[in-house]
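Each chain is listed here by its residues.
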Protein chains: 2
Amino acid sequence: MREGKPIGLLLVQTAKAVSRAFEDELAARGGSRPVWLILLALMDGAHRTQADLAAAIGVRGPTLTHHLGGMERDGLLTRKRLPENRRVQVVALTAKGRATFHKLRQGAMSFDRDLDRRFTRAEMVTLRDLLGRFGASATVGFGPDS
Amino acid sequence: MREGKPIGLLLVQTAKAVSRAFEDELAARGGSRPVWLILLALMDGAHRTQADLAAAIGVRGPTLTHHLGGMERDGLLTRKRLPENRRVQVVALTAKGRATFHKLRQGAMSFDRDLDRRFTRAEMVTLRDLLGRFGASATVGFGPDS
DNA sequence: CCTCAATTGATAGACATCTAACAGTTAGAC
DNA sequence: GTCTAACTGTTAGATGTCTATCAATTGAGG
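A quick note: this is a predicted structure, and the numbers were derived from the prediction, not measured.

**Details of the relation of the copies chain A and chain B**
- Superposing chain A onto chain B requires a rotation of 180 degrees together with a translation of 0.0 Å along the rotation axis, leaving an RMSD of 0.0 Å. The two molecules are tied by a two-fold rotation axis, judged by turn and shift. Closest approach to the rotation axis within chain A is made by the C-alpha atom of Ala15 of chain A, at a distance of 3.1 Å.
- Most of the interface of chain A is mirrored in chain B, where 98% of its interface residues are also at the interface.

See the structure below:
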């Protein structure tokens, strides 16, 4: 009666596979996971600073800077300094950025539906609770629930 | 009554946080996640080829080659060609490799215990079942249960 | 034998991510 | 008013991962 792999390993490997499948879904529509998360956060609106934005999508500042640079080059967004506080960069989506968001959202929503269909309501509640336990002492959070 | 983030996102972010904490634990003992997984697989024995080994730890061939190169440079293992089939590399741990394994195992075991303590027996069974659902159609497996 | 397909790893180049260190900007202390 | 500390973002360099492609070796047909 073995228990199998450590629960942490199982969690990480499961997440890796799911993340990969999600990447494929987005790639088929010309996007990627980080680009999708940034577009989503920007459409949700209201992020004061890049640091806020980075926290919302779960990466560090330099990683965000990296992706914003690429997305700016690709014409998905613009950055300009706030006149009244020239430290902060104001990030705004372009029309092309919004179009890309809508295209990728199709994939993301279909992916989410696929996953949701695998669990009953009750199971989903249980799963969210159990996943929450991992953060009990390790600080798992990435900003508000959206 | 919102449901919160998509379950896939929650899974991936939880795993990221756990993986990070595990990395820290190993780093404190001079290791890293991939090095630990390779040492563990080699101590468990019996991997015919590097491809087997890669599958066992959940990475692709080139990633494994990369780490084996580093570990060989660090004196943790040796590689030599099988005389009767000079395509396959025989990977063997050195004494230093085995010593590193034992050192890292302390951290890994303590980490696993910390996680295990957060769930009852029944919850653990439930969690493993629910995590298994993610692979239902997406092919999550990484070789046998060990 | 010789060629050609299959097997096994390695190399090249790309991407996402991190930490540490830096640079510009602002605001408060004196 | 100037100096200094805090804030915001960027740059530099490292690590882990991937796909696509290459190189060496083997074995099977003809």
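Following the structure, the description resumes.
**Notes on the interface of chain A and chain B**
- In this assembly, 49 residues from chain A lie in contact with 48 residues from chain B.
- When chain A packs against chain B, close to 4700 Å² is buried across both sides, 62% of that on carbon and sulfur atoms.
- When the area that chain A buries against chain B is broken down by residue, the three leading residues are Ile7, Arg118 and Arg128 of chain A, summing to 14%.
- If you look at where chain A meets chain B, you find 2 salt bridges.
- Here Glu123 of chain B makes a salt bridge to Arg133 of chain A, at a shortest N to O gap of 2.7 Å.
- In this structure, the connection of chain A to chain B is made through 10 residue pairs in polar contact (both at pLDDT 80 or more).
- For the side of chain A that touches chain B, the elements supplying multiple residues, two or more each, are helix H1 (7-27), helix H2 (33-44), helix H5 (95-116) and helix H6 (121-133) of chain A.
- Counting residues per element, the side of chain A that touches chain B draws most heavily on H1 of chain A, at 14 residues.
- For the side of chain A that touches chain B, the residue count by class is 23 nonpolar, 11 polar and 15 charged.

**Focus on the protein's contact with DNA strand D**
- As a matter of local geometry, DNA strand D sits amid 23 residues, with Arg20, Thr65 and Arg79 of chain A together with Thr63 and His67 of chain B nearest to it.
- Counting only the atoms of DNA strand D that lie within 4 Å of the protein, the sugar and phosphate share comes to 81%.
- Within the side chain of Thr65 of chain A, an N or O atom sits 2.6 Å from a phosphate oxygen of DNA strand D.
- A distance of 2.8 Å is found between a phosphate oxygen of DNA strand D and a side-chain nitrogen or oxygen belonging to Arg79 of chain A.
- For the surface near DNA strand D, the secondary-structure elements that each account for two or more residues are H1, helix H3 (50-57), helix H4 (61-73) and strand E2 (85-93) of chain A together with helix H4 (61-73) and strand E2 (85-93) of chain B.
- In terms of residue count, the dominant contributor to the surface near DNA strand D is H4 of chain B (4 residues).

**A look at the packing of H3 of chain A against H4 of chain A**
Residue and element names in this part refer to chain A.
- Running from N to C, H3 and H4 cross one another at 100 degrees; their axes reach a closest spacing of 9 Å. One finds that H3 runs roughly perpendicular with respect to H4. Seen from H3, the contacting residues are Gln50, Leu53, Ala54 and Ile57; seen from H4, they are Gly61, Leu64, Thr65 and Leu68.
- A class-by-class count of the residues in the contact of H3 with H4 yields 5 nonpolar, 3 polar and no charged.

**Details of the side chain of Thr100 of chain B**
Residues and elements named next belong to chain B.
- Its place among the elements puts Thr100 in helix H5 (residues 95-116).
- Exposure remark for Thr100: the relative accessible area of 11% places this residue in the buried category.
- Residues contacting Thr100, with those up to four places away along its chain left out, are Leu39 and Leu76.

Criteria and cut-off values
Residues numbered from 1 in each chain as written. Chains lettered and ligands numbered in written order. Predicted model: local features only at pLDDT ≥ 70, side-chain atom pairs only at ≥ 80, totals over all residues. Heavy atoms only, no water. Least-squares fit on C-alpha atoms with pLDDT ≥ 70 in both. Contact = heavy atoms within 4.5 Å. Buried area = accessible area lost by both parts, 1.4 Å probe. Salt bridge = Lys/Arg side-chain N within 4 Å of Asp/Glu carboxyl O. Polar contact = N/O pair within 3.5 Å; in protein donor to acceptor, adjacent residues only side chain to side chain. Helix = DSSP H or I, 4+ residues; strand = E, 2+ residues; numbered from the N terminus. Nonpolar A, V, L, I, M, F, W, Y, C, P; charged D, E, K, R; others polar. Near = heavy atom within 4 Å. Axes fitted to C-alpha atoms, helices over the stretch in contact; angles between N-to-C directions. Parallel < 35°, antiparallel > 145°, perpendicular 65-115°, else oblique. Buried < 20%, exposed > 50% of the residue type's maximum accessible area, 1.4 Å probe, protein only.

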